[in-house]
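Results of the structural survey
As a plain string of letters, each chain reads:
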Amino acid sequence: MKLHLLPSITLLPTPHDTADEAQIIEDWSRGLDWVKWLLGSVRARTELLLVDDGVLPLPAAWAEFTEGVLREVLGPALKSAWQSAQAGDLEGLIAVDAALSAKLPAAAAKRSVFAGAVLLKSTRHARYQAVLGRLREAVEQGRCDGHIAIVWAAVGHFFQLSLTNVIAEYLHLEWDILTRDEMTQEKPAGRHSIAGLTSQIMHDASAEVALCVVDA
């Protein structure tokens, strides 16, 4: 079945009142049903993404992920990749993808690339793909690995999602995959909630500085 570009999503302007902003981020972080469908193939075919549950209880594994790889690597990558997609900057996407390959542990990087390949395959027949199509070609040509965060940022921009939505939906994906066998697990609250983490990533002014490509 071919995918068709959905109608534009109307987004509110950035508010000046921090309380209003917090509520808007909370609303945006609740998840979009059609995005869950769009990412359904990744949920179905991926046993684990970047949250490593290992021997830790789920809440502890989530906290470790949010304080570690999300804050230091993944959050900045999502921001930089979405900004590159917005600018139609393929080389920017490739550079952020290379940084992830250099910074992620080998096992996590392998899972990330597999999930990215699944998402690229499921969106192959969407029309007028612009930078998403060029990213797919770059992956097929071996110019980049195609990590899920980079592919999702390009896909999200293609479907006219805001950066806030792209971050929140990625976190929903991580949480849903982590807890697929623990359906009664309560979602994290406070600074480790999806809304709290989305806000932190959005306001991290050091994001682009934190993510550097390591030369081979």
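Values in this document were obtained by computation on a predicted structure and should not be read as measured data.

Broken down by element type, the protein chain carries eleven helices and zero strands. Along the protein chain, from the amino end to the carboxyl end, the secondary structure elements read α-α-α-α-α-α-α-α-α-α-α. With 216 residues in all, the protein chain has 47% of them scored as buried. Relative to all contacts within the protein chain whose residues are 6 or more apart in sequence, the contacts with residues 24 or more apart total 79%. Here the protein chain displays about 10,800 Å² of accessible surface, and carbon together with sulfur accounts for 56% of that area.

Our focus in this paragraph is the side chain of Ser 84. When you line up the elements, Ser 84 lands in helix H4 (residues 58-86). A relative accessible area of 10% means that Ser 84 is categorised as buried. For Ser 84, the contacting residues outside a window of four places in its chain are Asp 89, Gly 92 and Leu 93.

A positive phi is found at Tyr 128, a non-glycine position, where the angle reads about 55°. Along the chain, Tyr 128 falls in the loop between helix H6 (106-122) and helix H7 (131-140). If you check the backbone angles, Ala 130 has positive phi at about 55° while not being a glycine. Checked against the element boundaries, Ala 130 lands in the loop between H6 and H7. Here Ala 130 falls in the exposed class, since its relative accessible area comes to 59%.

All chains considered together, the criterion is met by four aromatic pairs. Taking 5.9 Å as the distance between ring centres and 55° as the angle between the ring planes, the aromatic pair formed by Trp 34 and Phe 159 counts as tilted. Highlighted residues: Trp 34 in helix H2 (residues 33-38) and Phe 159 in the loop between helix H8 (148-158) and helix H9 (163-178), separated in sequence by 125 residues. Owing to a relative accessible area of 24%, Trp 34 belongs among the partly exposed residues under this scheme.

This part covers the confidence of the model for the protein chain. Low pLDDT marks regions whose predicted coordinates should not be analysed in detail. For the protein chain, mean pLDDT is 84; residues scoring 70 or higher make up 81% of the total. Across the protein chain, element-level confidence peaks in helix H5 (residues 90-103) with a mean pLDDT of 98 and bottoms out in helix H11 (residues 207-210) with 46. When the criterion is pLDDT under 50, residues 1-19 qualifies, and its contacts beyond four places in sequence or with other chains add up to 30 contacts. Confidence over residues 212-216 falls short of pLDDT 50; this stretch has six contacts with residues more than four positions distant or in other chains.

Bringing H5 into the picture now. Over its 14 residues, H5 runs 20 Å from end to end, which matches the ideal 20 Å to within 8%, given 1.5 Å per residue. Among the residues of H5, Leu 90, Gly 92, Leu 93, Ile 94, Val 96, Asp 97, Ala 99 and Leu 100 are the ones counted as buried.

Analysis parameters
Each chain carries its own residue numbering, running from 1 in the written order of its sequence. A pLDDT threshold of at least 70 governs which residues receive local features in this predicted model, and a stricter bar of 80 or more applies before side-chain atom pairs are shown or counted, although totals over entire chains, interfaces and linings include all residues. Hydrogens and waters are ignored; side-chain quantities use all the structure's heavy atoms. Secondary structure follows DSSP: runs of H or I at least 4 residues long count as helices, runs of E at least 2 residues long count as strands, and numbering of each begins at the N terminus. Throughout this description, buried means an accessible area under 20% of the type-specific maximum (1.4 Å probe, protein chains only), exposed means over 50%, and partly exposed covers the range between. By definition, residues are in contact when any of their heavy atoms lie within 4.5 Å. In this description, accessible areas are obtained by the Shrake-Rupley approach with a 1.4 Å probe, and a residue is regarded as covered only by the protein chains that are shown. Aromatic pairing here means that ring centres of Phe, Tyr or Trp (its six-membered ring) are within 6.5 Å. Orientation follows from the plane angle: under 30 degrees is stacked, over 60 is edge-to-face, and everything else is tilted. The pLDDT value expresses, per residue, how confident the predictor is, ranging between 0 and 100. An expected span of 1.5 Å times one less than the residue number is assigned to each helix.

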